[in-house]
Amino acid sequence: MARWCYRHRLVVLFLWVGALFGVGFSASAAGTNYANVFSLPDTDSKSAYDLMQKAFPSTSGDTDTVVWKVDGGSVKDQAVRTRIQPALDKIAKMPGVGAVTSPYAGTQGAAQISGDGKIAYAQLTFAKRANEVPKDLVQNVVDTARNAERGGLRVELGGQAIQRIQEPPQGLSEMVGIVAAAVVLFLAFGSLFAMLLPIAIAVFGVGIGLFSTQLLSHTTDIPDIAPLLASLIGLGVGIDYALFIVTRHRRGIQRGMDPEESAITALNTSGRAVLFAGGTVCIALAGMLVTRLRFLEGVVVGTSLTVVLSVLAATTLLPALLGLLGPRVLSRRQRRRLAARGPETETASGLAARWSANVQKRPRRIAALALVVMAVLAVPVLSLRLGATDQGNDDASTTTRQAYDLLGEGFGPGFNGPLQVVSVSGDTATLVKGIGATPGVARVAPLPPAKGVTVIQVVPTTSPQSKQTDDLIDTLRNQVIPKAGAQAHVGGVTAVSKDFASVTGDRLPLFIATIIGLGFLLLLVAFRSLVVPLTAALMNLIAAAASFGVLVAIFQWGWGLDLLGLGKEGPINAFLPVIMLSLLFGLSMDYQVFLVSRMHEEWVHTRDNARAVRVGLAETSRVINSAALIMVCVFLAFVLSGDSGAAMAGVGLAAAVALDAFILRTALVPAAMHLLGNSNWWLPGWLERRLPHLAVEPKEEAFEAPASQGPASAVHGFVRTSDGEPVDGASVTLLSKGGRQLDRVTSLADGSYIVSVPAPGTYLLATTAAPYGSRAAHVVVAGGPLVFDVELAEGEVDAVN
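**Q** Would you mind showing me how to read the sheet that holds strand 9 (residues 487-491) here?
**A** In a beta sheet, neighbouring strands pair by backbone hydrogen bonds and run either parallel or antiparallel. Ordered by their spatial adjacency, four strands build an open sheet running 7-8-6-9, and the pairing between neighbours is antiparallel. The open sheet has two edge strands with one neighbour each: strand 7 (441-446) and strand 9. In this sheet, adjacent strand axes meet at a mean angle of 20 degrees when their direction is disregarded. Judged from the five bridges that link them, strand 7 and strand 8 (residues 454-460) form a sheet pairing that is antiparallel. Across the sheet, the residue bridging to V441 is P460, located in strand 8.

Here it is as structure tokens:
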């Protein structure tokens, strides 16, 4: 497939461009129809909501608030009234505004003025839902209300529709993430064309994915946060997948391969790993379905579709673009050096090689240090509290946060999240009296009954996000209502948030077990090992605990919130653990696949665990760290999205990816694999025979002698150190091009060795000796014996493509 795409590059490019513009045009014409469906069957708040819908059909429009405060006097003063009321009347006449309830309208409006007379509010109801209200109308409402301000009179506005116009321009976070990724790619590649390749793949994958999700919103329930999360994960994986393939391709060209063959080899090795890694991400995302929360089904559809398209772009569009660029995927300096000096040697060097050698020398110390760091970061997770964010978590400079604080100041913290006790039978008067006498209740106001249903408005003394408010809901449900002998349910936004957090927490263990189990099975089949998937599962749990510890410290404890400009501390969004764990498990599995697939490739060729782990880490750590740095930049850019849920997910995922790549995959995993030795690759024989074969690497070639076979020959020579000293007991192995072991000997006291060769051809000669490094090289045997001396240097890491 890669070869076809490479040779028919213009056809492939035109197909992708046509798909992007075609789907984009269709999505623009159709518009959006996102729907936030929070269906919580068998919960008390859902029962209360159903009864209220039956007795008091709610208006379809969004209700927002205009709040004002005077520094001196009262809001009832004529000077204040003559400024505020005309503004409210003007807003009421605007097309798209359904009604405005003023505190100056009769005796009913008196309840909208605080006890000290300093603060008042008006409710305005739009004709449509918040996400459908035109931003121009909302801006007009805000400007009109704000124009009533004067010295000593302050006006603020709150509500979902108002919140929409505070958001930064759409696509800002994506653009910042792409620019940051471009900088990292340019530093990694040193080539403008090579930098643009991963960006192009991400743009095509995410673009078509988002447009397709927009079209699907007309046929299924997709929440409005789904495209934001889809672009977040799509940009990360799209850039990363292309980065892995382009890195392998550039290495092939630098080692003297023809650009076409290098691209085919890159797709047939790293491309397979990308395909497998994309599958693990989709499976981890699909794990959200076991929670049976309808809200998450649309998130699964949007994010999985974007990941699939990103993988498809990396495996079809990328080889086409590589064909268009040819050798220009290298920088000019690299091309000049290649022309002047010829192909590079296959020795891995630099910081990555030195670090890999250090991990092999000190695996216990490095593993212990990494575990301590992760354990310390995981400590805050013990105080994790799930809930829901509201406008009280907005940045202090926003008008929605100012309005929230003013309402709390004038009418009590619980005013921003009142409870509704919905009663259908029993003594309502006794129930109202019992609620009023309950500690933690500020005010109780029964509404006139309708259709046999009575709604009792309950304002707590504490804020909606407070633990005391959660405790009050439990007290009303478990003690007050049963004691009054009434059949009633506690509803309202705060009660719904509490029930959603409870349902999510109850189903979280099943969800975690599902995605860990599926990931274990995939790695078991891919790497033919029991220990590798067990290690991966354990590392995933460690990464999850540490990343949630960071999340709790920042968003729940408030450490660094002001620095990040993310508003006020509060509980962790109830939906975030499920979404974040899905993405984290998928992404960490990506890094495990890329790291271990290179190790497994080397293990298949040499059957030397220490060499396999060392070479795999030396060759992949740099690209994994570059990929992780790109993801961290992309995720942190979503702090600019204006959505508190996306900002929380962005910070959490950035922390998770950084810890996973820089500590787990670079230090703890290779250290553990060194300690485990050859047992890393152990698989019982009965299981080996029953498992299906799913190779992450291309299938090994069985050795076949050439048709014009010459006589059997040999390779012989000496194994010496860099100082010319003979190396006694070095292991010298001859392998076929496909990795099949043909002969293996041990060098003698004078360093001499001889291995037999079945026929003329190209072979791989691998030499290993402790405490020296390993060396592997291709040897070409013609008609007679070949003399080949091997030089080993202490601590050297030699890698074969």
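**Q** Explain the packing of aromatic side chains here, please?
**A** When we look at a pair of aromatic rings, we describe it by the centre distance and by the angle of the planes. Taken as a whole and judged by the stated rule, the model has seven aromatic pairs. Ring-pair connections join several aromatic residues into one group, and the members of that group are Y121, F411 and F415. Directly above the ring of F193 sits R328, whose terminal nitrogen or CZ lies 5.6 Å from the centroid.

**Q** Could you clarify how one ought to interpret the sheet that holds strand 13 (residues 741-746) in this entry?
**A** Taking strand neighbours across the sheet as the criterion, the four strands line up as 13-12-15-16 in an open arrangement whose pairing is antiparallel. Two strands lie at the open edges of the sheet, namely strand 13 and strand 16 (774-781), each paired on one side alone. Pairwise comparison of adjacent strand axes, ignoring direction, gives a mean angle of 20 degrees for this sheet. As defined by bridge partners, strand 12 (residues 731-735) adjoins strand 15 (residues 761-768) across five bridges and the pair is classed as antiparallel. If you follow L735 over to strand 15, its bridge partner there is L764.

**Q** I tried to follow the pattern of salt bridges on my own but got confused; where do I start?
**A** Pairing is possible between side chains of opposite charge, provided their charged atoms come close. One pass over the full model with this rule turns up 18 salt bridges. One salt bridge in this structure joins D471 and K467, with 3.6 Å as the shortest N-O distance. With D471 and K467 both in helix 17 (residues 467-484) and four residues apart, this pair spans about one turn of that helix. The class for K467 is partly exposed, based on a relative accessible area of 48%. Between R665 and D660 there is a salt bridge; the shortest N-O distance is 2.9 Å. Neither residue differs from the other here; R665 and D660 are each classed as buried. Among the ionic contacts, a cluster of salt bridges with common partners joins R3, R7, E260 and E261.

**Q** In this structure, what is going on with the pairing of strand 12? I would like to understand it.
**A** Counting buried residues along strand 12, five of its five residues qualify, which places the element largely inside the surrounding structure. Burial along strand 12 is two-sided: S731, T733 and L735 facing one way and V732 and L734 facing the other are all buried. Looking at chain direction, strand 12 and strand 13 are connected through five bridges and run antiparallel. What sits directly across from L735, in strand 13, is Q741.

**Q** How do you make sense of helix 14 (residues 363-378) when you look at a structure like this?
**A** Think of an α-helix as turning once every 3.6 residues; residues three or four places apart then point the same way. In this model, helix 14 (16 residues) spans 22 Å end to end at C-alpha, consistent with the 22 Å of a helix rising 1.5 Å per residue. Regarding helix 14, the residues found buried are P363, I366, A367, A370, M374 and A378. Buried residues of helix 14, seen end-on, are gathered within an arc of 100 degrees and therefore sit on one face of the element. For helix 14, the exposed residues set more than 90 degrees away from the buried face come down to R364, R365, L369, V372 and V376.

**Q** Sorry, what's going on with helix 2 (residues 9-30) here?
**A** Over its 22 residues, helix 2 extends 32 Å from the first C-alpha to the last, a length consistent with the 32 Å expected when each residue adds 1.5 Å. For helix 2, every residue scored as buried is listed here: V12, W16, L20, G24 and A27. Buried residues in helix 2, looked at end-on, bunch into an arc of 90 degrees, giving them a common side. Away from its buried face by more than 90 degrees, helix 2 exposes F14, L15, F21, F25 and A29.

Scoring rules and cut-offs
Residues numbered from 1 in each chain as written. Predicted model: local features only at pLDDT ≥ 70, side-chain atom pairs only at ≥ 80, totals over all residues. Heavy atoms only, no water. Pairing = 2+ DSSP bridges. Helix = DSSP H or I, 4+ residues; strand = E, 2+ residues; numbered from the N terminus. Axes fitted to C-alpha atoms, helices over the stretch in contact; angles between N-to-C directions. Phe/Tyr/Trp six-rings, centres within 6.5 Å; stacked < 30°, edge-to-face > 60°. Lys NZ or Arg CZ within 6 Å of the ring centre and 35° of its normal. Salt bridge = Lys/Arg side-chain N within 4 Å of Asp/Glu carboxyl O. Buried < 20%, exposed > 50% of the residue type's maximum accessible area, 1.4 Å probe, protein only. Expected span 1.5 Å × (residues − 1). Arc of directions from axis to C-beta.

Purely geometric numbers; function is a separate question.
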